Amino acid sequence: MPYTAALISPSDMERQTGLGKDQLRKWRQRFGFPLLESTLSGKTAYSLKTVHQLLSIKRLLDAGFRPGQVVGTSDQEREKLKLAVGLSAPVVRHDRVTQSLITQVTQIDPRGFRALLTKLRAKRTLGDFVRNTIVPLMISLGDAWMRKEIDIHHEHFCTAVIERYLHTEIIKFKSINGSPRLLLTLPPGEHHFLGLLMFEAVLAEQGAETINIGADIPLNCIKLAAIASKADVLAMSFSFHYPTRQVIPTLRHLRRLLPAHIQIWAGGAGLSGVRKHPEGVHIFSDLEQAVAALHDLSLTRETLIFKGPKINTGTPSE
């Protein structure tokens, strides 16, 4: 029997929360949470309420709390902790446009969904479209999933269509001659690609030359790709599901691997719990910061090109 909208499999739960089964087993032994349920066929499963609680716990763990302080606590107690450390949920515009997109998603209508995206994109910059249409949609979609209004397959459908749409839009842009070259990839173990594509779309529209090599590439191979492509910047995206404890070691290791002249840029919801920024790594909390960094790098490159090499015009001695 397949899992229902009210129950999800342990593998889907791990994908949604980034919390491994071994870690959750230890929590059950120590704190009596999270509880496992069973389908009619006898398979183990988690309720959506439990997954919602786990997502809330993960945010607090990322902010520096210990498991003993947050696992097994009530929803009200966790909300108080979130407010205390500034983790209250962001305010997202959920208007008729967002609702119409979600309606298309629930109907699993690829043509209708893509047509609506194209209509909403008309006469707007891609950056504005990403910030004010795609981002609110994905957050609202997550909220709808928590309220059991949609299922996991709706989220997967939505993400797949948007990723294809952004791919199509990105290849329309031509880089400005002499602009910085960005190599984009995901850290090993990260499979949420949409954030990286949004990052690429916004910077490609600004004239950057972008080279996206995808996911599941070892760090040493990423280094080789950055050097071979003569990249000015290596850009990475960390989703909320990426283990926070691995973020800093990954970035530090990359910084040691790469030549000093290649900058490292990192962004995404997975960095919200990172308090100490590794030396030599630029971490952005939003797309506007990345655009500003791109403009600064472009100006620096133009200055160096304008100055050119120093030429000795004096008369050589005999």
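Anything mentioned here points back to the structure above.
Bear in mind that the values here come from a model prediction, so they are computed numbers and not experimental data. (Residues numbered from 1 in each chain as written. Predicted model: local features only at pLDDT ≥ 70, side-chain atom pairs only at ≥ 80, totals over all residues. Heavy atoms only, no water.)

Student: Explain helix α6 (residues 96–106) to me, please; I cannot follow it from the model alone.
Tutor: Residue pairs spaced three or four apart in an α-helix point in one direction, given the helix's 3.6 residues per turn. Buried residues of α6: Thr 98, Leu 101, Ile 102, Gln 104 and Val 105, and no others. Looking straight down α6, one finds that the buried residues subtend no more than 155 degrees of arc, so they occupy a single side. Backbone geometry just after α6 places Ile 108 at a positive phi near 50 degrees. (Buried < 20%, exposed > 50% of the residue type's maximum accessible area, 1.4 Å probe, protein only. Helix = DSSP H or I, 4+ residues; strand = E, 2+ residues; numbered from the N terminus. Arc of directions from axis to C-beta.)

Student: Help me understand the side chain of Gln 104, please; the structure alone is not making it clear to me.
Tutor: Relative to the helices and strands, Gln 104 resides in helix α6. The class of Gln 104 is buried, set by a relative accessible area of 18%. Among residues more than four places away in sequence, those in contact with Gln 104 are Asp 109, Gly 112, Phe 113, Leu 116 and Phe 157. (Contact = heavy atoms within 4.5 Å.)

Student: Even after reading the chapter, I still don't get the pattern of salt bridges, so can you show me in this structure?
Tutor: Oppositely charged side chains can pair when the atoms bearing their charge come close. Under the definition given, this model contains 6 salt bridges. Lys 172 is paired through a salt bridge with Glu 169; the nearest N and O atoms lie 3.0 Å apart. A relative accessible area of 56% means that Lys 172 is categorised as exposed. Exposure remark for Glu 169: the relative accessible area of 7% places this residue in the buried category. Measuring nitrogen to oxygen at the nearest pair gives 3.2 Å for the salt bridge that ties Glu 209 to Arg 181. Pair noted here: Glu 209 is in strand β5 (residues 209–212) and Arg 181 is in strand β4 (residues 181–185), with a separation of 28 residues, a long-range link. Relative accessible area serves as the criterion here: at 26%, Glu 209 is assigned to the partly exposed category. (Salt bridge = Lys/Arg side-chain N within 4 Å of Asp/Glu carboxyl O.)

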